[in-house]
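Topology and contacts: notes
For reference, the chains in residue letters:
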Amino acid sequence: MGQKIKPRRIALIVEDDFEARGLAAALLEETDLQVVETSSAEEALDHLRSYGENVAFLFASVRLPCLMNGVDLARRVSSEWPWVRTVLTSGEADDNGADEIPGDVRLMPKPWRALEVLMEADRAIQAHRHH
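All of these numbers come straight from a predicted model, not from anything done at the bench.

About the thresholds
- Residues numbered from 1 in each chain as written.
- Predicted model: local features only at pLDDT ≥ 70, side-chain atom pairs only at ≥ 80, totals over all residues.
- Heavy atoms only, no water.
- Helix = DSSP H or I, 4+ residues; strand = E, 2+ residues; numbered from the N terminus.
- Expected span 1.5 Å × (residues − 1).
- Buried < 20%, exposed > 50% of the residue type's maximum accessible area, 1.4 Å probe, protein only.
- Arc of directions from axis to C-beta.
- Pairing = 2+ DSSP bridges.
- Axes fitted to C-alpha atoms, helices over the stretch in contact; angles between N-to-C directions.
- Contact = heavy atoms within 4.5 Å.
- Right-handed = clockwise from strand over helix to strand, strands pointing away.
- 1 Å grid on protein atoms, 1.4 Å probe; cavity = no way out; pocket = protein on both sides within 12 Å on 5 of 7 lines; lining within 4 Å.
- Points joined across faces, edges and corners; volume = space filled by probe spheres on them.
- Nonpolar A, V, L, I, M, F, W, Y, C, P; charged D, E, K, R; others polar.

Brief notes about helix α4 (residues 114–129)
- Here α4 contains 16 residues, and its C-alpha end-to-end distance of 23 Å stays within 8% of the 22 Å for a straight helix at 1.5 Å per residue.
- For α4, the set of buried residues is V117, E120, A121, A124, I125 and H128. End-on, the buried residues of α4 take up no more than an arc of 145 degrees, which puts them together on one face.

Topic: the sheet that holds strand β4 (residues 85–90)
- Spatially, five strands are ordered β2-β1-β3-β4-β5 in an open sheet, and the strand pairing comes out parallel. Of all the strands in the sheet, just β2 (34–38) and β5 (106–109) have a single pairing partner and so form its edges. Strand-to-strand, the axes of this sheet are offset by a mean angle of 20 degrees, without reference to chain direction.
- Summarising the sheet, strand β1 (residues 10–14) and β2 pair through five bridges and their orientation is parallel. The partner of I10 across the bridge, within β2, is Q34.
- Packed on one face of the sheet, helix α2 (residues 41–51) meets β1, β2 and β3 (55–61) and runs near 165 degrees to β1.

With respect to the pairing of β4
- Counting buried positions along β4 yields five of six residues, so the element is predominantly enclosed.
- With five bridges connecting them, β3 and β4 associate as parallel partners. Residue pairing in the sheet places L58 in a bridge with T86 of β4.
- Handedness of the crossover is the feature at issue here: the chain leaves β3, passes through helix α3 (residues 70–80), returns alongside β4, and the resulting connection is right-handed.
- Looking at chain direction, β4 and β5 are connected through four bridges and run parallel. Looking at β5, one finds that L88 is bridged to L107.

A word on empty space enclosed by the protein
- Inspection of every chain in the model, using the stated rule, returns one cavity of 30 Å³ or more.
- Looking at the largest cavity, its volume works out to about 40 Å³.
- Secondary structure elements with two or more residues in the lining of the largest cavity: β1, α1 (18–28) and β3.
- Residues that form the lining of the largest cavity fall into these classes: seven nonpolar, two polar and two charged.

Structural data, given as structure tokens:
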């Protein structure tokens, strides 16, 4: 009997700023996570509906285009995919809705530090192993 191959864990980046998304992707590609980039919360939810079991890390901006912002997305992920480690990033000290962020979600100021992102990704990998 062959050994069951476990699908790779996924880091889902949700950022509408092309440059910031590219920087996060380049950084997270250095980890054990498979990187998937999206530019809206709606795209991220589509991906979660299809591959949520494999998503270990969600790295999203608070401010996103379309109907849902990052806080809305974080609340939805906490509710439906509670094993996903979620980090929201914000360049604004007074982002609307920041006080509505679920307790298990980390808020990281922009510009974020590479080491902090890598540490959060590592926590996501460790937690997902036990999921």
